[in-house]
Amino acid sequence: MMAQQQLPKEGRIRKHADYALCYEQGRRHHTGNFILFVFPRPGSGKTRVGMAVSRKVGNAVTRNRLKRLLREFYRLHQALLPYDSDIVTVAKKHAGQSQLDLAQVSAELEPLLRRQQRRQREQQEAPTCRP
RNA sequence: GGAGUCGGACGGGCCACCGCCGCGAAGCGAUUCGGGGAGGAAAGUCCGGGCUCCACAGGGCAGGACGCUGGGUAAUCCCCAGGAAGGGUGACCUUCGGACAGCGCCACAGAAAGCAAACCGCCCUCCCUUGCGGAGGGUAAGGGUGAAACGGUAGGGUAAGAGCCUACCAGAUGCCGCGGUGACGCGGCAUGCUCGGCAUACCCCGUCUGGAGCAAGACCAAAUAGGGAAGGAGGCCGGCCCGGCCAAUCCUUCCGGGUAGGUUGCUUGAGGGUGCGGGCAACCGCACUCCUAGAGGAAUGGUGGCCUCAUGCGACCACGCAUGACAGAACCCGGCUUACAGGCCGGCUCCCGUU
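Residues numbered from 1 in each chain as written. Chains lettered and ligands numbered in written order. Predicted model: local features only at pLDDT ≥ 70, side-chain atom pairs only at ≥ 80, totals over all residues. Heavy atoms only, no water.

A. Highlighting the protein's contact with RNA strand B. Surrounding RNA strand B, one finds 23 residues, the nearest of these being Lys9, Ile13, His16, Arg65 and Arg75. Considering RNA strand B, the proportion of its atoms within 4 Å of the protein that are sugar or phosphate atoms stands at 65%. Contact between RNA strand B and Ile13: a sugar or linking oxygen at 2.6 Å from a main-chain N or O atom of the residue. Residue Arg71 places a side-chain N or O atom 2.8 Å away from a phosphate oxygen belonging to RNA strand B. When residues of the surface near RNA strand B are traced back to their parent elements, those giving at least two are helix H1 (16–25) and helix H2 (60–76). When residues in the surface near RNA strand B are grouped by element, the largest group, eight residues, is from H2. (Near = heavy atom within 4 Å. Polar contact = N/O pair within 3.5 Å; in protein donor to acceptor, adjacent residues only side chain to side chain. Helix = DSSP H or I, 4+ residues; strand = E, 2+ residues; numbered from the N terminus.)

What follows is the structure, given as structure tokens:
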């Protein structure tokens with residue numbers, strides 16, 4: 001396991017335009033507390049993550065806490081992320097009400113990422129379809 | 001010891017590993033090393049400033065804000081000291097221009113809510129005197145209503161009464177004296193003057209008052225579209241050249257505006273600490289000393305261990321397991337307000353107990 005565990009600025013989405021692209025053209029995945037938008041960018045050589053937690057979720061403290069938990073989760077699970085993609089995680093309204101911790105976030109998002117990874121591998125092994 | 005009141009400081013600690021954002025040093029560079037990284041309210045954005053841009057001859061009106069007095073301050077609606085009124089046994093707390101400038105309002109109840117009046121009464125006169133009856137007049141002591149009803153007590157007076165008269169008390173107004181920078185206080189004299197409340201309903205008086213905000217502002221500056229200038233190709237005049245005109249197309253070069261994006265503003269400041277001096281105090285002066293976050297889709301985190309303090313549970317001195325307040329810098333200061341698990345320190349008051 002030589003999992004890279006750093007997540008500097010370059011690994012995060014920081015432009016409004018990038019977020020907008022991801023929302024409009026990304027593929028959506030729902031979980032209990034989050035919505036994931038995954039937008040492949042072939043050839044970019046990088047996977048970037050971003051998170052959006054709106055005012056409705058809670059006050060500044062709970063919003064900050066959610067974003068930090070998500071960042072920590074992505075930092076520790078970078079090996080699972082689909083490569084050459086932008087991933088935006090949006091917190092649902094009730095996400096701030098239950099006091100989530102890192103273990104719960106992992107339990108919620110990890111199976112989804114593993115499924116994604118398997119699908120991406122299968123597509124690579126049989127790249128002879130799509131009209 | 002209990003209850004209360006006012007004020008101050010705190011807001012778990014230590015360590016390890018994995019990260020994040022600035023800064024400094026070394027290196028061509030990958031990187032390495034060192035050091036820093038949320039709060040008392042960072043919050044609400046309610047006041048006041050600094051700073052920046054825009055506007056601006058001067059004056060007034062309108063609008064807005066504020067409102068006892070004196071001081072503090074860069075400034076304030078803040079702070080300090082004082083005054084008056086009200087509340088509390090007390091420490092202490094709360095409030096603050098004007099109601100004879102005008103114009104209004106005062107629910108319900110009550111006869112009557114503002115300047116005059118009279119429901120039940122009381123008294124006098126008259127009328128059929130058959131009575132608890134009717135008519136006219138005088139009264140405001142008593143009753144009843146209300147948050148509020150035109151001074152209180154006693155005596156005189158009277159048909160019954162009333163500051164109608166007298167004494168004392170309380171107040172109002174005017175004048176004078178003394179104390180105080182002043183708000184105001186104390187005292188004296190005169191007048192029977194005894195004629196509410198609400199200005200957060202409008203209003204009056206006095207004082208102050210341009211507007212917008214760091215997404216302010218400054219600089220650099222793609223792609224695309226469009227603008228301007230010059231030249232060439234082009235079109236027209238012409239047989240051709242020179243020359244002139246045309247711009248609706250194309251090419252080249254240049255210019256300015258400007259979006260995305262980037263840089264800056266950006267943290268050393270009306271700053272903190274200590275000492276001395278002035279002042280009742282707020283605060284001010286001087287000397288020495290310290291440097292304490294600067295992000296930008298937005299860092300300040302995650303995991304684990306040990307200890308600590310509360311609270312709850314397991315029959316709770318020992319042990320174990322949970323839970324731990326309000327809340328996150330966004331240009332910077334000074335205040336106000338609101339939220340807050342816990343415990344800590346100090347001044348003062350009342351009550352109880354002991355010696």
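B. Region of interest: the nonpolar core. Within the largest apolar cluster, 23 residues are counted, with the highest numbers of intra-cluster contacts made by Phe34, Leu36, Leu66, Tyr74 and Leu109. The set of elements that each furnish at least two residues to this core consists of strand S2 (34–40), strand S3 (48–52), H2, strand S4 (85–91) and helix H3 (102–125). Apart from residues lying up to four places away in sequence, Phe34 is in contact with His29, Leu66, Leu70, Thr89, Val90, Ala91, Lys92, Leu100, Glu108 and Leu109. Grouped together as the second largest cluster of nonpolar side chains are eight residues, Ile13, Tyr19, Phe39 and Val90 included. (Core = buried A, V, L, I, M, F, W, Y, C linked by side-chain atoms within 4.5 Å. Buried < 20%, exposed > 50% of the residue type's maximum accessible area, 1.4 Å probe, protein only. Contact = heavy atoms within 4.5 Å.)

C. Here's a closer look at H1. Burial in H1 covers these residues: Asp18, Tyr19 and Cys22. What you see down the axis of H1 is that its buried residues fit within an arc of 100°, all on one side. Turned more than 90 degrees away from the buried face of H1 sit His16, Glu24 and Gln25, all of them exposed. Looking at the buried side of H1, the elements it contacts are S2, S3 and S4. (Arc of directions from axis to C-beta.)

D. Quick peek at the sheet that holds strand S1 (residues 27–30). In spatial order, the strands read S1-S2-S4-S3; together these four strands make up an open sheet with mixed pairing. Each having just a single partner strand, S1 and S3 make up the two edges of the open sheet. Direction aside, the axes of adjacent strands within the sheet are offset by 20° on average. Here S3 pairs with S4 via five bridges, running parallel. (Pairing = 2+ DSSP bridges. Axes fitted to C-alpha atoms, helices over the stretch in contact; angles between N-to-C directions.)

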